[in-house]
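# Understanding the architecture of this molecule
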Amino acid sequence: MKFVSSPPNFNNGWNLAWSNFGSGNINNHNVKVGDIFYLGDFDGDQTEELLCVGYSAGGTADWITLLKYVNENWELYWSNYGSSSVGNGMYNFRNNFIIGDYDGDGKDELLGNDINGSTTLYKFENGNWQLIWTDNASATHVIHPYKDKIYSGDFNGDGKAEILGCDLPNGWTTTFKWNGSNFIWDWSDYGNNHAIRQYRNNLLPGDYDGDGKTELLGFSTWATLFHFDNSNWQWGWSTNGANNFNGWQYPTLITDRILSGNIDSDTKDELFFLQTHPAATWATTMDLKNDQSNWKWNWSANPQYSITFVDDWSLVSNSGSNTRYYLVKANANQPKYLLTMRMFCDNFLINMYRNNNLSTNKMSLTNSDLIIDSLINANDISVFPNPSTGKIEVLSSLQDIESVEILDPSGQTIYDINYILKQRIEIDLSTFPIGMYFIKIRDVHNAVIIRKLILSK
């Protein structure tokens, strides 16, 4: 990916809200390469839970675990504890759930979709997953031909999620709604050459205009936004064949990740673009303009200004692998957080970040007042690679680093050195034990930032 126009310089960013410090776990769930993660408000408390599914095609990863973010930490909420018989058959659909509040009660359900078998609805009630409905793999059910690709969202604004089913490659496109006991036919293109058809393989649902309805952003030769108005899908904004998505190369690279979710204080979902290839340096968030004529930038990690991080998360993999990104509404009264994962050696480092323009609360890392991330001029100074196997670099966009101090988790200084107007500093920590440390950097203006530093194998 490259930019075809010059983006503006944004100085805002993100704060670290939670980390597993490279342990490989999210509470009781040990994250593996083949795992799948689903997000939804399954208990109706206005926050999203994290459904962690141990899945590997042909493998024996049987664990399904539901986690809830409570008191700034992920806690175990439910688990099948590795038993495929727990959860009323949900194990059979673990690699293909579609999330939505289909009955409009404020709680998301799981729609399990076996393309060649059953379609089944599950609801989290009384501390367990209950089977609410199934088509029993009936080839005569109206939903059966449209299971090749399914999307979910409140397309008509009635407070309930519908599903858009696609009969690929050349069949009909049809929406279905829940009537209290069954999924019934709602809208269809009846096999006609509707404009949405060419986008059916890659649609991203989101409320991009803040009207309370879910739009579909389609990515094909063009990128085009569709609104469900006047009982039909209507063509909205489009790249119209342009070679960029408001500056982001289009068509997007296969390594680009595009997330949808409300990450600020407005009513609209934003788009979060992230590079994931080994030389990744860009991340960008965009809003749909009020007149819906185009998208506008509201934040960027920008290599032009040596900002190639989301807080302390390097966009460059730094010898890590399997980078993943999710947006999660962890707290009821706050926008969505960015959940990041990357594997180093055999363990996943998993962090979660909040937009630092929306909260002045910084994460207290220990009870020591010394170890608080003040994030002063955080966008001006980078520490990488992080995690590191021993050798790190401290880089400032200005020649203003005056001192660097490294502390262990108890607050004891283990490394301390002063410099005069240095821009790049190399430090060798290969003799220190693996684990978590804190690096304290002071500039000539007496501004201080403190970041976590992970030393791994």
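Report on the accompanying structure. (Residues numbered from 1 in each chain as written. Predicted model: local features only at pLDDT ≥ 70, side-chain atom pairs only at ≥ 80, totals over all residues. Heavy atoms only, no water.)

Attention now goes to the sheet that holds strand β17 (residues 215-219). Pairing within the open sheet is antiparallel, and its 4 strands lie in the order β16-β17-β18-β19. The sheet is open, and its two borders are formed by β16 (203-206) and β19 (232-238), each paired with just one other strand. Across this sheet, the average inter-strand angle for adjacent strands is 30 degrees, counted without regard to direction. Of the strand pairs in this sheet, β17 and strand β18 (residues 223-229) are connected by 4 bridges, and their pairing is antiparallel. Paired with F219 across the two strands is A223, which belongs to β18. (Pairing = 2+ DSSP bridges. Helix = DSSP H or I, 4+ residues; strand = E, 2+ residues; numbered from the N terminus. Axes fitted to C-alpha atoms, helices over the stretch in contact; angles between N-to-C directions.)

In summary, soluble globular proteins display a tendency toward joint burial of nonpolar side chains. I26, L50, W74, M341 and M352 are the most contacted members of the largest nonpolar core, which has 21 residues in total. Considering each element in turn, this core owes the most residues, 4 residues, to strand β29 (residues 337-344). When residues no more than four places from it in sequence are discounted, the contact partners of I26 are W18, V31, F37, L50, L67, W74, M341 and I350. In terms of nonpolar packing, the next biggest core, distinct from the first, is built from 19 residues, L259, W299, V310 and L327 among them. (Core = buried A, V, L, I, M, F, W, Y, C linked by side-chain atoms within 4.5 Å. Buried < 20%, exposed > 50% of the residue type's maximum accessible area, 1.4 Å probe, protein only. Contact = heavy atoms within 4.5 Å.)

So, on to the sheet that holds strand β22 (residues 257-261). Across the sheet, which stays open at both edges, the 4 strands sit in the order β22-β23-β24-β25 with antiparallel pairing between neighbours. Bordering the open sheet on either side are β22 and β25 (295-301), each of which pairs with just one other strand. The average angle at which neighbouring strand axes cross in this sheet is 20 degrees, direction not considered. Sheet topology places β22 next to strand β23 (residues 270-274); 5 bridges connect them, and they run antiparallel.

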